[in-house]
Amino acid sequence: MTFLQEKTLAAQVRSDFPILNERVHDKPLVYLDNAATSQKPIAVLDALRHYYEHDNANVHRGAHTLSARATDAYEGARDKVAAFVNAASRQEIVYTRNASEAINIVAYAWGLNNLQAGDEIILTVMEHHSNLVPWQLIAARTGAVIKHVQLNEEEGLDFEHFKSLLSEKTKLVSVVYVSNTLGCINPVHEICTEAHKVGARVLIDACQAVPHMQVDVQAIDCDWLVASGHKMCAPTGIGFLYGKLDVLRSMPPFFGGGEMIADVYLDHSTYADLPHKFEAGTPAIAEAIALGAAVDYLTNIGMDKIHAYEEELTAHLFQRLAEIPNLRIYGTKPDARGRGRAALASFTAGELHPHDLSTLLDHEGIAIRSGHHCTQPLHRLLNAPGSARASLYFYNTHEEIDQFIEALKSTIEFFSGMMN
Ligand SMILES: *Cc1c(COP(=O)(O)O)cnc(C)c1O
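Along each chain, numbering runs from 1 in the same order as the chain's sequence is written. Note on the predicted model: pLDDT of at least 70 is required for a residue's local features to be given, and 80 or more for side-chain atom pairs to be given and counted; whole-chain, interface and lining totals, by contrast, use all residues. Only hydrogens and water are set aside when side-chain values are computed; all heavy atoms of the structure are taken into account.

## A closer look at the overall build of the chain
Point 1. If you tally the helices and strands in the chain, you get 14 helices and 17 strands.
Point 2. For 420 residues, the compact-globule estimate of 2.2 N^0.38 gives 22 Å, and the C-alpha radius of gyration of the chain, at 22 Å, lies within 12% of that figure.
Point 3. Taken over the C-alpha atoms alone, the chain extends approximately 75 × 55 × 40 Å along its principal axes.
Point 4. Only protein chains enter the accessibility calculation, which uses a 1.4 Å probe. A residue is then buried if its area is under 20% of the maximum for its type, exposed if over 50%, and partly exposed in between. Residue burial in the chain is summarised as follows: out of 420 residues, 55% are buried.
Point 5. Here the analysis covers contacts within the chain between residues at least 6 apart in sequence; of these, 72% occur between residues at least 24 apart.
Point 6. With residues, only the protein chains shown are counted as cover, and all accessible areas are computed by Shrake-Rupley using a 1.4 Å probe. About 18000 Å² of surface is accessible on the chain, with carbon and sulfur atoms providing 51% of the total.
Point 7. Of note, the chain has its 34 positive side-chain charges centred 2 Å away from the centre of its 51 negative side-chain charges. A helix here means a DSSP run of H or I that spans at least four residues, while a strand means a run of E at least two residues long, and both kinds are numbered starting from the N terminus. Throughout, radius of gyration means the C-alpha value; the globule benchmark is 2.2 Å times the number of residues raised to the power 0.38. Should any heavy atoms of two residues lie within 4.5 Å, those residues are considered in contact. By the counting scheme adopted, Arg and Lys are positive, Glu and Asp are negative, and His together with the chain ends is not counted. In this description, the location of a charge corresponds to atom NZ of lysine, CZ of arginine, CG of aspartate or CD of glutamate.

See below:
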């Protein structure tokens, strides 16, 4: 095979994503906001439509055929998610609306019942608001104290500082796997090993990891891991909480209602087995089935292939960003082959407001994010009111990165012309 015949991963998959043909301000869409949400392939859109056209019925309730089909598809998708993250049992996968809801379930069902005044919760300064606010609420209710791991010189997680915070007071460590702002990939297995030595439990926020690389909950050895479907080619409204079986068993239910019970009396109830104990009410059936389709889609491509291709894109992105003077890029740097960080870049360009930047790029059809990316404390620490962020996925191309860079250059030139 000659070099020219070899197609990149993006070239092979782009036709699976109808929205990539969209035009914005009469320019071809260049979608670089994948850390906020990913686009959806036809296989996922078809799964939604197929369910409503052929199988729509409530799950776990009816003896009729459609209900059995809906239940099979819904529970079948759980098997796919369990295999995708290498859970030891399908009972360890609880469907949630998103990662935020998954963290809140742990905070309320576990935190409220296991934390006392003076106990310590270790978070990091780079956490998403979803992994900060629930713990602030639980700390206020229990008197637990929150400590934050600082950044090292490279603007990654300071592992030595993390170790120095651990003590017998530490009851919980909750850490992001891949930072949605800094792009660093945190050593989650080593974090679990150190935390377990002092008897603490560990939650991993894997929102930016599960869509982009092979994630193995048993190898990580975390107690809980959370992710959102919508960042991994699935619809909004579906995510999951992984928890070790004995840990989930030890937690009381958080939401009460239908689906989560075994027997209900007027004054008390007994609860369903895992994972249903945590799934009250009619769930997002179509969305869960479509999450299963997204897992199939990603698995068919291969997470290793996706990760390797994203490293190529990362190398190209950082090489091209380096051409632009006075650009402040946050977080750890990739090596020359794009390894060691996520395929995203958060940056500021001098005095130029990130929002003005993304607005002008939008006029060129280029979608990037501006703001605090739900990491306000981190931006405060970095002395930046906000940043612009370009975040990639496996359907993005080198050419799209080039278009982004050219548009970024001319935008910066335009503004510096205005300021002179
Ligand atoms: C997106 C994201 C979340 C929150 O996900 P939701 O789908 O909004 O619940 C949490 N943490 C990280 C790192 C994220 O990127």
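Continuing now.
## Points about the domain arrangement of the chain
Point 1. Per the domain assignment, the segments of the chain are domain 1 (3-31 + 302-419) and domain 2 (45-299).
Point 2. Where each domain starts and ends follows an automatic or database-derived domain assignment. Centre-to-centre separation of domain 1 and domain 2, based on C-alpha positions: 29 Å.
Point 3. Across the boundary between the two partners, domain 1 contributes 34 residues, which contact 32 residues of domain 2.
Point 4. When two parts are put together, the accessible area they lose, computed with a 1.4 Å probe and summed over both, is reported as buried area. Summed over both sides, the interface of domain 1 with domain 2 buries roughly 2500 Å², with 60% coming from carbon and sulfur.
Point 5. Counting the surface domain 1 buries against domain 2, the share from its top three residues, Met303, Leu378 and Tyr393, is 25%.
Point 6. We define a salt bridge as a side-chain nitrogen of Lys or Arg found within 4 Å of a carboxyl oxygen belonging to Asp or Glu. Our count for the contact surface shared by domain 1 and domain 2 stands at 1 salt bridge.
Point 7. Arg328 serves as the salt-bridge partner of Glu155, at 2.7 Å between the closest nitrogen and oxygen.
Point 8. Residue classes follow a fixed rule: Ala, Val, Leu, Ile, Met, Phe, Trp, Tyr, Cys and Pro count as nonpolar, while Asp, Glu, Lys and Arg count as charged, and any other residue, Gly among them, counts as polar. Grouping the amino acids of the side of domain 1 that touches domain 2 by side-chain chemistry returns 17 nonpolar, 11 polar and 6 charged.

## Some remarks on the packing of aromatic side chains
Point 1. In summary, the pairing rule links any two rings of Phe, Tyr or Trp, Trp by its six-membered ring, whose centres are within 6.5 Å, and it sorts them by plane angle into stacked for under 30 degrees, edge-to-face for over 60 and tilted for everything else. Enumeration according to the criterion identifies 15 aromatic pairs in this entry.
Point 2. On the basis of an interplanar angle of 65° and a centroid distance of 5.0 Å, the ring pair of Tyr51 and Tyr52 is categorised as edge-to-face.
Point 3. Their ring planes at 70° and their centres at 5.4 Å tell us that Tyr393 and Tyr395 sit as a pair that is edge-to-face. No difference in accessibility class separates Tyr393 from Tyr395, as the two residues are buried.
Point 4. Of the aromatic side chains, those joined through ring pairs into one cluster are Phe17, Tyr297, Tyr393, Phe394 and Tyr395.

## Notes on the packing of helix H3 (residues 65-84) against helix H10 (residues 285-301)
Point 1. Geometry is summarised by axes, namely lines fitted to C-alpha atoms with helices restricted to the contacting stretch, and by angles between N-to-C directions that run from 0 to 180 degrees. The contact between H3 and H10 brings their axes to 8 Å, and the two run at 40°. Accordingly, the angle class assigned to the pair H3 and H10 is oblique. Every pair of crossing elements has a handedness; the one defined by H3 and H10 is left-handed. Residue-level contacts link Ala70, Ala73, Tyr74, Ala77, Lys80, Val81 and Phe84 of H3 to Ile285, Ala288, Ile289, Leu291, Gly292, Val295, Asp296, Leu298 and Thr299 of H10.
Point 2. Partitioned by chemical class, the residues of the contact of H3 with H10 number 12 nonpolar, 2 polar and 2 charged. In this scheme, roughly parallel covers angles under 35 degrees and roughly antiparallel covers those over 145, while 65 to 115 is roughly perpendicular and the rest are oblique. Here is the rule for handedness: rotate from the far helix to the near one, and if that takes an anticlockwise turn smaller than a right angle the crossing is left-handed, while a clockwise turn gives right-handed.

## Things to note about the environment of Asn180
Point 1. Checked against the element boundaries, Asn180 lands in the loop between strand S7 (170-176) and helix H7 (188-197).
Point 2. The buried category is assigned to Asn180, whose relative accessible area is 7%.
Point 3. Distance from Asn180 to His50, taken between C-alpha atoms, is 33 Å for residues 130 residues apart in sequence.

## Regarding the site of the ligand
Point 1. As a matter of local geometry, the ligand sits amid 13 residues, with Ser100, Asp205, Gln208, Ser228 and Lys231 nearest to it.
Point 2. At 3.4 Å, a backbone N or O of Ala99 approaches an oxygen atom of the ligand.
Point 3. Take Lys231: an N or O atom from its side chain is 2.7 Å from an oxygen atom of the ligand.
Point 4. Surface burial for the ligand is 89%, taken as the share of its 380 Å² of free accessible area covered by protein chains.
Point 5. When grouped by side-chain class, the residues that make up the shell around the ligand number 3 nonpolar, 8 polar and 2 charged. We call a residue near a molecule or strand when any one of its heavy atoms sits within 4 Å of it. For the purposes of these results, a polar contact is taken to be a pair of N or O atoms within 3.5 Å, where, inside protein, one atom must be able to donate a hydrogen and its partner to accept one; residues adjacent in sequence count only when each atom of the pair is a side-chain atom.

## Description of the pattern of salt bridges
Point 1. Counted according to the given criterion, the structure contains 26 salt bridges.
Point 2. Asp335 serves as the salt-bridge partner of Arg339, at 2.9 Å between the closest nitrogen and oxygen.
Point 3. Using a relative accessible area of 32% as the deciding quantity, one classes Asp335 as partly exposed.
Point 4. Among the charged side chains, a network of salt bridges with common partners joins Glu75, Arg78, Asp79, Arg90 and Glu279.

## A short note on helix H4 (residues 99-114)
Point 1. Multiplying 1.5 Å by the helix residue count minus one yields the expected span of that helix. With 16 residues, H4 should reach 22 Å at 1.5 Å per residue; the first-to-last C-alpha distance of 21 Å fits that figure.
Point 2. Buried within H4 we find Ala99, Glu101, Ala102, Ile103, Ile105, Val106, Ala107, Tyr108, Ala109, Trp110 and Gly111.
Point 3. Those residues of H4 hidden inside the fold are in contact with strand S4 (93-96), helix H5 (133-142), S7, strand S8 (201-205), strand S9 (224-228) and strand S10 (239-243).

## Concerning the side chain of His212
Point 1. With respect to the helices, strands and loops of the structure, His212 is situated in the loop between S8 and helix H8 (217-220).
Point 2. Setting aside anything within four residues of it in sequence, one finds His212 in contact with Met303, Ile306, His307, Glu310, Leu392 and Tyr393.

## Some remarks on unusual backbone geometry
Point 1. A cis geometry characterises the amide bond from Leu274 onward to Pro275, with omega recorded as 0°.
Point 2. When you line up the elements, Pro275 lands in the loop between strand S12 (269-271) and H10.
Point 3. Positive phi, normally seen in glycine, also occurs at His25, with a value near 50°.
Point 4. With a relative accessible area of 42%, His25 lands in the partly exposed category.
Point 5. Even without being glycine, Asn326 reaches a positive phi, approximately 60°.
Point 6. The exposure class of Asn326 is exposed, given its relative accessible area of 70%.

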